[in-house]
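Each chain, letter by letter, is given below.
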Amino acid sequence: MLSPVALRQDVENLQLIRESLPGAAKRRAPLRSSMSPRDSLREVALRLFDERGFKAVTVRDIMEVQGLTAGAMYNHFRSKELVLVSLITDSVGGLEGYLRVAFSVSEPDDRPARLAALVYAHARYQCEYAPLARVSSNEFVHLPANAKRELATRLLRIRAHQVGVTTEGIKRGEFDIDNPEIAVMEFQGMAAKMSEWYDIKGPFDPARMSRYHAKIVLRIVGGKTSDAVFDALDDAFRTIRL
């Protein structure tokens, strides 16, 4: 684990990221009541993209729900494509922030604990920002080419890091799987699907769901770790307000 100062900095940075993300499963009332017109517009667009799909939503739809004129909307975004870019860019940044906290909590020489922490953080993000995660996954194809390339590169970097952790675990005899690339794609796919069915009002909170998901992943790869890493993750994320 990194020093308490370094971990605290990662947690504080994630707090700032989360305060700007739309579509949280829970959000503090004061933040919503003080939301800027730009952020309010993004919340509306996110809801419409999630409900109808990006292609079915028009600029007029967003304007009507938000109560804006075309000129007022274009003060913030010149097109609905740029609204989508803003949302998915924030989604990728949010996921990166979650993973940085997981990286800080886990020891670099403990591959099972590090892999567990990374998949826990990925799953927790999917649960806590399900609408944003769904739109990011389902509507990614509609991004302009330059934004798609940039964000795809960032997502591939995330995958490559997890492949590296898994590969090292295989070399050291800590994991029992043949292909780390395929394994990581499976883990990430499992986590991404959680945003499709997870219900924040259901019987399992995000911490419990994320812990369960991480333990399933460890069983698949044949790795073992103690609950200490999950307890540390729970403590770290508990300090960050949605």
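Throughout, a residue's number is its position along its own chain's written sequence, starting from 1. Side-chain atom pairs in this predicted model are given and counted only at pLDDT of 80 or more, local residue features only at pLDDT of at least 70, and totals for whole chains, interfaces and linings cover all residues. As a rule here, side-chain values cover all heavy atoms of the structure and leave hydrogens and water aside.

Undergrad: Please clarify how the packing of helix H11 (residues 206-221) against helix H12 (residues 228-238) should be interpreted in this entry.
TA: For any two helices packed against each other, the geometry is given by the interaxial angle and the distance between the axes. Where H11 contacts H12, the two axes come as close as 11 Å, and the packing angle between them is 150°. Here H11 lies roughly antiparallel to H12, going by the angle between them. For the element pair H11 and H12, the recorded crossing hand is right-handed. Of the residues in H12, those in contact with Ala 207, Arg 211, Ala 214 and Lys 215 of H11 are Phe 230, Asp 231 and Asp 234. Each residue belonging to the contact of H11 with H12 can be placed in one class, and the counts come to three nonpolar, no polar and four charged. Lines fitted to C-alpha atoms define the axes here, with helix axes fitted over just the stretch in contact, and angles between the N-to-C directions of these axes take values from 0 to 180 degrees. Secondary structure elements are defined from DSSP: runs of H or I of at least 4 residues count as helices, runs of E of at least 2 residues count as strands, and each element is numbered from the N terminus. Each angle is binned into one of four classes, with values under 35 degrees roughly parallel, values over 145 roughly antiparallel, values of 65 to 115 roughly perpendicular, and all other values oblique. Here is the rule for handedness: rotate from the far helix to the near one, and if that takes an anticlockwise turn smaller than a right angle the crossing is left-handed, while a clockwise turn gives right-handed. Every residue pair with non-hydrogen atoms within 4.5 Å of one another is taken to be in contact. As a working rule, the residues Ala, Val, Leu, Ile, Met, Phe, Trp, Tyr, Cys and Pro are called nonpolar, Asp, Glu, Lys and Arg charged, and the rest polar, with Gly in that last group.

Undergrad: Help me out: how do you make sense of helix H7 (residues 111-128) in this one?
TA: Along an α-helix, residues three or four apart share an orientation, since each turn contains 3.6 residues. One less than the number of residues in a helix, times 1.5 Å, gives the span that helix is expected to have. A rise of 1.5 Å per residue sets the reference length of H7, with its 18 residues, at 26 Å; its end C-alpha atoms lie 26 Å apart and thus fit the reference within 8%. With 18 of its 18 residues buried, H7 lies for the most part within the structure. For the purposes of these results, a polar contact is taken to be a pair of N or O atoms within 3.5 Å, where, inside protein, one atom must be able to donate a hydrogen and its partner to accept one; residues adjacent in sequence count only when each atom of the pair is a side-chain atom. With a side-chain oxygen positioned 3.2 Å from the backbone nitrogen of Ala 113, the residue opening H7 is Asp 110. Only protein chains enter the accessibility calculation, which uses a 1.4 Å probe; a residue is then buried when its area is under 20% of its type maximum, exposed when over 50%, and partly exposed in between.

Undergrad: Would you mind showing me how to read the side chain of Arg 42 here?
TA: In this structure, Arg 42 sits in helix H3 (residues 37-52). Judged by relative accessible area, which is 2%, Arg 42 ranks as buried.

Undergrad: I keep staring at the environment of Asn 75 and nothing clicks. Help me out?
TA: Summarising the element assignment, Asn 75 is placed in the loop between helix H5 (70-74) and helix H6 (80-105). Here the alpha-carbon distance between Asn 75 and Arg 38, two residues 37 residues apart in the chain, equals 9.0 Å.

Undergrad: Any chance you could explain the nonpolar core here in plain terms?
TA: Side chains of a nonpolar character, in soluble globular proteins, are inclined to be buried together. Judged by nonpolar contacts, the single largest core of 62 residues is most densely connected at Phe 49, Ile 62, Val 83, Leu 115, Tyr 125, Phe 187 and Leu 233. Residue contributions to this core peak at 12 residues, all from H6. Filtering out sequence-adjacent residues up to four positions away, Phe 187 remains in contact with Leu 115, Val 119, His 213, Val 217, Ile 220 and Val 221. In this description, a nonpolar core means a group of buried Ala, Val, Leu, Ile, Met, Phe, Trp, Tyr and Cys residues linked to one another through side-chain atoms lying within 4.5 Å. Counting residues in each nonpolar core, the second largest holds five residues, with Ala 123, Cys 127, Met 194 and Met 209 among its members.

Undergrad: Just to check I follow, could you spell out the pattern of salt bridges for this structure?
TA: Two side chains with opposite charge may pair up if their charged atoms get near one another. By definition here, a salt bridge exists when the distance from a side-chain nitrogen of Lys or Arg to a carboxyl oxygen of Asp or Glu is within 4 Å. Across all of its chains, the model carries 14 salt bridges by this definition. The residue Arg 42 makes a salt bridge to Asp 39 at a minimum N-O spacing of 3.7 Å. A residue pair is termed a helical-turn pair when its members lie 3 or 4 positions apart in one helix, as Arg 42 and Asp 39 do in helix H3 at three residues. Of the charged contacts, one joins Asp 234 and Arg 124 as a salt bridge, the two residues approaching to 4.0 Å between their closest N and O atoms. Of this pair, Asp 234 sits in helix H12 while Arg 124 sits in helix H7, and the two are 110 residues apart along the sequence. Here Asp 234 and Arg 124 have matching classes, each one buried. Among the ionic contacts, a cluster of salt bridges with common partners joins Arg 124, Glu 128, Arg 211, Asp 231 and Asp 234.

Undergrad: What's the story with H6 in this structure? I'm lost.
TA: For H6, which comprises 26 residues, the first-to-last C-alpha distance of 38 Å matches the rise-based estimate of 38 Å (1.5 Å per residue) to within 8%. Across the 26 residues that make up H6, a large majority, 20, are buried.

Undergrad: How should I be thinking about the confidence of the model for the protein in this particular structure?
TA: Low pLDDT means the predicted atomic positions in that stretch should not be read closely. Summing up the model confidence of the protein, the mean pLDDT is 86 and the portion of residues at 70 or higher is 84%. Per residue, pLDDT captures the predictor's confidence, and it can take any value from 0 to 100. Under a pLDDT of 50 for its full length, residues 1-5 has, in the predicted model, eight contacts with residues more than four places off or in other chains. Low pLDDT (under 50) marks residues 27-32, which in the prediction has 13 contacts with non-local residues, meaning those over four places away or in another chain.

Undergrad: What is the right way to look at the packing of aromatic side chains in this model?
TA: Aromatic rings in a pair are described by how distant their centres are and how their planes are angled relative to each other. Here the aromatic set is Phe, Tyr and Trp, taking the six-membered ring for Trp, and pairing holds for ring centres within 6.5 Å; pairs whose planes are under 30 degrees apart are stacked, those over 60 apart are edge-to-face, and all others are tilted. Using the criterion set out here, one finds six aromatic pairs in the structure. Note on Tyr 120 and Phe 237: the rings are 6.1 Å apart at their centroids and 35° apart in plane angle, and the pair reads as tilted. With Tyr 120 in helix H7 and Phe 237 in helix H12, this pair connects stretches of sequence that are 117 residues apart. Of the residues examined, Tyr 120 reaches a relative accessible area of 0% and is grouped as buried. Take Phe 237: its relative accessible area is 1%, and that puts it in the buried class. The rings of Tyr 98, Tyr 120, Tyr 125, Tyr 129, Phe 230 and Phe 237 are connected pair by pair, giving a single aromatic cluster. In this analysis the charged atom, NZ for Lys or CZ for Arg, is taken to sit over a ring once it is within 6 Å of the ring centre and within 35 degrees of the ring normal. Sitting above the plane of the Phe 54 ring, Lys 80 keeps its charged end 4.2 Å from the centroid.

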